[in-house]
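Listed below are the residues making up each chain.
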Amino acid sequence: MESSKKTRALFKLIIYHLLAWSIYITIGLSRKFLKSDYTFDLLDFVFTEIPVVYIFYGNYYILKKFLSTKRYVLLIAAEIFLYFSAAGLYWACGTLIRPYEPPGTIPPYIFSELIVDLLWIFLIYEFFSFGYYFARESVSKEKRLRAMELEKARIEADRLKSEYAFLRAQINPHFLHNTLNLFYAKSISVSEELSEGILTLCEIMRYSMHAGEQDVDTVLLSREIEHVQNVIKINQLRFSNRLQVVFDISGDINEIRIIPLVIITLVENAFKHGELNNDQYPLVMQLKVSEEDGTIYFSTHNRKKTGPKELSNGIGMDNIRRRLEATYKNNYSLTTTEEADNYTASLWITVS
């Protein structure tokens, strides 16, 4: 889309330039034809009308590409040399063919006057080219500044939204956590399953608040996995332990650190969109830690839900991609594979 807009803009600019030069050359020729003694001379046209176009665009190109380099002066000198070489050729051609033309067809050329006239023409169109170049640069700079201001305003708006969302989130989790602790204390004597569920939910909220509040860059992988297991546990309680979940862990998870709330996002995504009640198609999660190269591999594979789907805006996945990019740069890979019935997410991170 952006490329198509640039192509259309370039095409429009070329049309405007062709139209402008056509009008300019037409006016120049018309002024000559109005003279009663003027006879059209193709040689005169080629060497007097066309070079001004060359001067204008040649100088513009040199300004645009080489103004800030050491080659600028050299290229300007080369442009002047080519221009006056063409002028010399014009004079030489006129001198050579004059004897073979009828009297009065080609006016006599005085080389010194020709050089002065062409130098004046060269300076005029160099000046026009300078003006055009700096006018375009001024407009481009203004557009860039406007775009930067708009981007700055957008970033500031996003920052304010994030701060508002964070402040709003601070109220609810603390209130709920304290309330859940109260419910847990009162439920111990009522139901062991109920109190266990409340305690698990308290642990989930405590971990989420700890990871979000205290500017924690990384946490132990074992703490992240403990959080994952609590989420699995609370979901099993919600669905009377009917969910089919297989979680395979290999390698030492006690010494490796990872940015928090990344793996859990992939797990929650599988719980939200996966069909987990069929024992033939369980949610399969794998975590492999390689101590040799410091690599963490985590994957989820689930059968997709049939029937009505929960709406998803993709914010969670976009968020962890940005966080992974900011922290691990080129040392991570997050891929998703969506088939007709199955969905797979795979995450590789090199942490050392």
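Above: the structure in question.
As the structure is a prediction and not an experimental result, all values here were calculated from the model. Position numbers for residues start from 1 in each chain and track the written sequence from start to end. With pLDDT at 70 or above as the cut-off, local features in this predicted model cover only qualifying residues; side-chain atom pairs require 80 or more to be listed or tallied, and sums for whole chains, interfaces and linings still use all residues. Computation of side-chain values covers all heavy atoms of the structure but excludes hydrogens and water.

Caption draft 1: Helix α7 (residues 221-238), seen in detail. For the purposes of this entry, the term helix denotes a DSSP run of H or I that reaches at least four residues, the term strand denotes a run of E that reaches at least two, and both are numbered from the N terminus. Multiply 1.5 Å by the residue count of a helix minus one, and that product is the helix's expected span. In a regular helix each residue adds 1.5 Å, so 18 residues correspond to 26 Å; α7 covers 26 Å between its end C-alpha atoms and thus fits that length. Accessible area is worked out with a 1.4 Å probe on protein chains only. A residue is then buried under 20% of its type maximum, exposed over 50%, and partly exposed in between. Within α7, burial applies to L221, S222, E224, I225, H227, V228, N230, V231, I232, I234, N235 and Q236. Where α7 ends, the next residue or the one after it, S240, has phi of about 55 degrees, a positive value.

Caption draft 2: View of the pattern of salt bridges. Each salt bridge in this description consists of a side-chain nitrogen of Lys or Arg and a carboxyl oxygen of Asp or Glu lying within 4 Å of one another. Under the counting rule described, the total for this entry stands at six salt bridges. Its salt-bridge partner being R154, residue E151 comes within 2.6 Å of it at the nearest N-O pair. One end of the pair is E151 and the other is R154, both in helix α5 (residues 111-187) and three residues apart, which spans about a single turn.

Caption draft 3: Highlighting helix α8 (residues 263-273). Most of α8 is tucked away, with eight of its eleven residues classed as buried. When we look at burial in α8, the residues that qualify are I263, I264, T265, L266, V267, N269, A270 and F271.

Caption draft 4: Looking closely at the nonpolar core. To form a nonpolar core, buried Ala, Val, Leu, Ile, Met, Phe, Trp, Tyr and Cys residues must be joined to one another through side-chain atoms within 4.5 Å. In terms of nonpolar packing, the biggest core is built from 38 residues, with L221 and L324 touching the most fellow members. Among the secondary structure elements, those contributing two or more residues to this core are α6 (192-213), α7, α8, β4 (283-290), β5 (295-303), α9 (315-328), β6 (332-338) and β7 (342-350). The criterion used for residue contact is that any of the two residues' heavy atoms lie within 4.5 Å. If we skip the residues at most four places from it in the chain, L221 touches I253, I256, R257, I258, I263, L287, V289 and I296. Core analysis: the second largest hydrophobic core is formed by eight residues, W21, V52, F84 and Y125 among them.

In short, shape yes, function no, at least from these values alone.
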